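# Observations on the model geometry
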Amino acid sequence: MSDKDPDLRRNAPHLELHVPEPAFRPGDTPDFSSLYIPAAGSAPRPDTAAPAAETHPLTTALVRVLGEDNKAVGPWDPKLDADTLRKMLRDMVTVRIFDDRMYRAQRQGKTSFYMKCTGEEAIATAAAAALSAEDMHFPTYRQQGLLIARGYPLTEMMCQIYSNKGDKLRGRQLPIMYSDKKYGFFSISGNLATQFPQAVGWAMGAAIKGDSRICMGWVGDGATAEGDFHSAMTFAAVYDVPVILATVNNQWAISSFSGIAGAERATFAQRAVGYGIAGLRVDGNDALAVYASVKWAAERARSNHGPTLIEFFTYRAEGHSTSDDPSGYRPTNEAKAWPLGDPIERLKAHLLAIGEWDDERHSKMTVECDEQVRAAQKESEKLGILPQQGKDDIGSMFDDVYAEVPWHLAEQRDQAVAEGGE
Amino acid sequence: MPTFNMIQALNDAHKVMMARDPDVVVFGEDVGYFGGVFRVTEGLQKQFGKTRVFDAPISEGGIVATAVGMATYGLKPVIEIQFADYIYPGYDQIVSEVAKIRYRTAAEWTMPMVIRTPYGGGIFGGQTHSQSPESLFTHIAGLKVVIPSTPHDAKGLLIAAIEDPDPVIFFEPKRIYNGPFDGHHDKPVRPWSKHPASEVPEGHYTVPIGKAAVVREGGDLTILAYGTMVHVALAAVEENGLDAEVIDLRTLVPLDLDTIEESVKKTGRCLVVHEAPRTSGFGGELVALVQERCFYHLEAPVERVTGWDTPYPHAYEWAYFPGPKRMKRALEKVMAE
């Protein structure tokens, strides 16, 4: 007899374990017609000082600004000038081209790993546009758009990807795990969600010191299942911290759909309700909605009205990384069927609709972005690609473990240098 | 010079550093208004204000993570994990973040923080209030691990830890917070006031991190110990009529190997003592280093006195604790050959 013998209690109804399954698997025809997509402009915009509860209906809605006619509509329209819109479009296009070039570089054996953010470009670039350059970010690995939108040199990013002589992280970090203090971009961790409560801590520091800068923490839908998500929400709520907590719900955590992180039960934005903080659910493929929601949360934080959890609803259009093949777990044409469209096409269509853009200018800009990326790649490859690295300056791998090299590391360094890396 | 117990000495170290450095912030479970369950942070909130000393939610992961964020911002967090047994929810943040951030950012960001935590048994705390998990931290590149054994060293080492540019895990031997312990649990507790190391200088001073102390000179053998076990070892030496050299390591990482090597080469015998379980305990590292450095000077195998490889059992606390009987047997063994 054992505790797991059901015959022991044969007269009671047998319990069932529910294991979530996505709607579509390889071979299925994706059909998102039952997905609830509220009309653009339909979501109300509470005052930024409103009690958190006033935002809670928005956690099951969807803040959308770009309408079917590609015009901006409703109370969330951030009324951006055309230059700002064009800058956001350019940043998004640059991100996509950058991703394509670096993906190819990995396939060519120039580096070990790469991660694209295809379909999610609006989120980081519009968030960067909505915050001040002095504000701090604790990103995940899919917010390369923050760096690009903040004007970070593309060559720096590529040198990191190649772990080459120009890599400021000295060949220590997996490609795309950028870090730059001056650009307010905290070192990316492979241990997911660790950065989410760290962002809260940074903002607590800013509040302790009476600073005016705020902080934005980022997490994916899958990693909301980590305890660190709960820690972040708890501390943010307890100390009413001036932080923006963003969950990018691209619906896929490698091969696990968002239901494995709890999405069958509630939206990710709804988690704000239980903590009593403001929550917004936003169309992540609508750059104007992303901008407006971050701007709203930033105003709220800056005026000491507390934290906001924002769910950016989007779709991971490509694989998790260069090590992933999504055709093994979802239909290959699912991205095309995704009803919220492509963020670049949508912003471009908006600029066209308001008469601030034309196809010729778009082509010209795309060529410029492509040339910029190619030039950066050429420049960075002059400093080497990954297969050539790790042979010189072996002793450097013992630096920065501590401020000063202790005796045991000095001994090991001597041995490593003598071995010569073989 | 005032006479302090270890709690008062640690409290004083906080006061000195909070007054000197406006970036020092202190938080943890119950540390604010109440002053901590062991009273180490008593009076700090009143003196330095609620935004520099405050209670944290029961979330060790959140405490460490927000301290990381604050250190990134430019503050110097000195956080308390109420018992070392509770540190594991914060372990990912400590191992993957606190320890690695200097390295992975090529020193653009550093983690000057102190994680204080009471550890060790002998207080009838059962398995969740008695553990000695120091070797889980000595194994992690990027961390420093400090364990004082007297009020004088506790204050000086805590000040040094707060001033250190790297993260320090600061283990406080809670059995000896109020008085040194000779291992005889049935005897009344002796207060610190009768011990010379309870004399604690006023104001700022440091005990250097990475420097051991020879607390008893002798020629028969060398005993390596830290925390509570320093006092248990000293008592055992007298009870067994030996002329032992007793070294209080004080810092496990970076280790003061020179002091150890010099002593073992002089005595030719070595006993390693800790309260933590034996297998993969820090004693294993010490034995390996001693045999690497002193093999041809050794006259007997290096012995270990440790806790058992079991969870810390409540009612069997004194059968678990490496007390006078285990010390006596090991001393006889290491002296026999």
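As a further point, take the packing of helix H9 (residues 257–267) of chain B against helix H10 (residues 282–294) of chain B. Residue and element names in this part refer to chain B. At their nearest, the axes of H9 and H10 sit 10 Å apart, and the two run at 60° to each other. By the criterion of interaxial angle, the relationship of H9 to H10 is oblique. The hand of the H9/H10 crossing is right-handed. Judged by residue contacts, Leu-257, Ile-260, Glu-261, Val-264 and Lys-265 of H9 engage Leu-289, Val-290, Arg-293 and Cys-294 from H10. For the contact of H9 with H10, the class distribution of residues is 6 nonpolar, no polar and 3 charged.

With 35 residues of chain A in contact, the opposing surface of chain B contributes 36 residues. Elements with a contribution of two residues or more to the side of chain A that touches chain B: helix H6 (195–208), helix H7 (227–238) and helix H13 (407–419) of chain A. Broken down by element, the side of chain A that touches chain B gets its largest block of residues, 10 residues, from H6(A). Taken together, the residues of the side of chain A that touches chain B sort by class into 16 nonpolar, 13 polar and 6 charged.

A word on the environment of Pro118(B). All names here are of chain B. Turning to its location among the elements, Pro-118 is positioned in strand E4 (residues 114–119). According to the C-beta neighbour criterion, Pro-118 is buried, with 27 such atoms within 10 Å. Each C-alpha atom, one on Pro-118 and one on Asp-55, is 17 Å from the other, the two residues being 63 residues apart in sequence. Once residues lying within four places of it in the same chain are set aside, the contact partners of Pro-118 are Phe-38, Phe-83, Ala-84, Glu-172 and Lys-174.

Per the domain assignment, the segments of chain A are domain 1 (39–320 + 337–389) and domain 2 (393–422). The straight-line distance from the C-alpha centre of domain 1 of chain A to that of domain 2 of chain A is 38 Å.

All names here are of chain B. Assigned domains of chain B: these are domain 1 (6–198) and domain 2 (213–336). Distance between the C-alpha centres of domain 1 and domain 2: 25 Å. In this assembly, 31 residues from domain 1 lie in contact with 31 residues from domain 2. If you list the elements that add at least two residues to the side of domain 1 that touches domain 2, you get helix H6 (135–138), strand E5 (144–146), helix H7 (151–163) and strand E6 (168–173). Looking at the side of domain 1 that touches domain 2 element by element, the count peaks at 3 residues for E5. For the side of domain 1 that touches domain 2, the residue count by class is 12 nonpolar, 14 polar and 5 charged.

Turning to the packing of helix H1 (residues 6–20) of chain B against H7(B), a few remarks are in order. All names here are of chain B. Look at H1 against H7: their axes get within 8 Å of each other, and the N-to-C directions meet at 30°. It follows that H1 is roughly parallel to H7 by the angle criterion. Judged by the twist between their axes, the crossing of H1 over H7 is right-handed. In this structure, H1 contributes Met-6, Ala-9, Leu-10, Asp-12, Ala-13, Val-16 and Met-17 to the contact, and H7 contributes Pro-151, Ala-154, Lys-155, Leu-158, Ile-159 and Ile-162. Tallied by class, residues from the contact of H1 with H7 come to 11 nonpolar, no polar and 2 charged.

All names here are of chain B. Taken together, the 5 strands give an open sheet; going across it, the order is E7-E9-E8-E11-E12, and neighbouring strands pair in mixed fashion. Since the sheet does not close on itself, it has two edges, and those belong to strand E7 (213–216) and strand E12 (303–307), each with one partner. With direction set aside, neighbouring strand axes in the sheet form an average angle of 25°. In the sheet, strand E8 (residues 222–225) pairs with strand E11 (residues 270–277) via 3 bridges, with the strands oriented parallel. Residue pairing across strands places Leu-224 opposite Val-272, the latter belonging to E11. Lying on the sheet, H10 is in contact with E8, E11 and E12; it crosses E11 at an angle near 160°. This element, helix H12 (residues 324–336), spans E11 and E12 of the sheet and lies at about 170° to E12.

Moving on, we get to the nonpolar core. In this structure, Ala126(A), Ala127(A), Ala203(A), Val243(A), Ile244(A), Val290(A) and Ala233(B) are the most contacted members of the largest nonpolar core, which totals 211 residues. Ranked by the residues each element gives to this core, the list is headed by helix H9 (residues 287–302) of chain A, at 11 residues. In contact with Ala203(A), not counting residues within four places along its chain, are Ile214(A), Cys215(A), Val241(A), Pro242(A) and Val243(A).

Moving on: the confidence of the model for chain B. Looking at chain B as a whole, the pLDDT averages 97, with 100% of positions reaching at least 70. Among the scores for the predicted complex, ipTM is 0.97 and pTM is 0.97.

Calculation notes
- Residues numbered from 1 in each chain as written.
- Chains lettered and ligands numbered in written order.
- Predicted model: local features only at pLDDT ≥ 70, side-chain atom pairs only at ≥ 80, totals over all residues.
- Axes fitted to C-alpha atoms, helices over the stretch in contact; angles between N-to-C directions.
- Helix = DSSP H or I, 4+ residues; strand = E, 2+ residues; numbered from the N terminus.
- Parallel < 35°, antiparallel > 145°, perpendicular 65-115°, else oblique.
- Left-handed = near helix turned anticlockwise from the far one by under 90°.
- Contact = placed C-beta atoms within 7 Å.
- Nonpolar A, V, L, I, M, F, W, Y, C, P; charged D, E, K, R; others polar.
- Buried ≥ 20, exposed ≤ 12 C-beta atoms within 10 Å, placed from the backbone.
- Domains from an automatic or database assignment.
- Pairing = 2+ DSSP bridges.
- Core = buried A, V, L, I, M, F, W, Y, C linked by C-beta atoms within 7 Å.
- pLDDT = per-residue confidence, 0-100.

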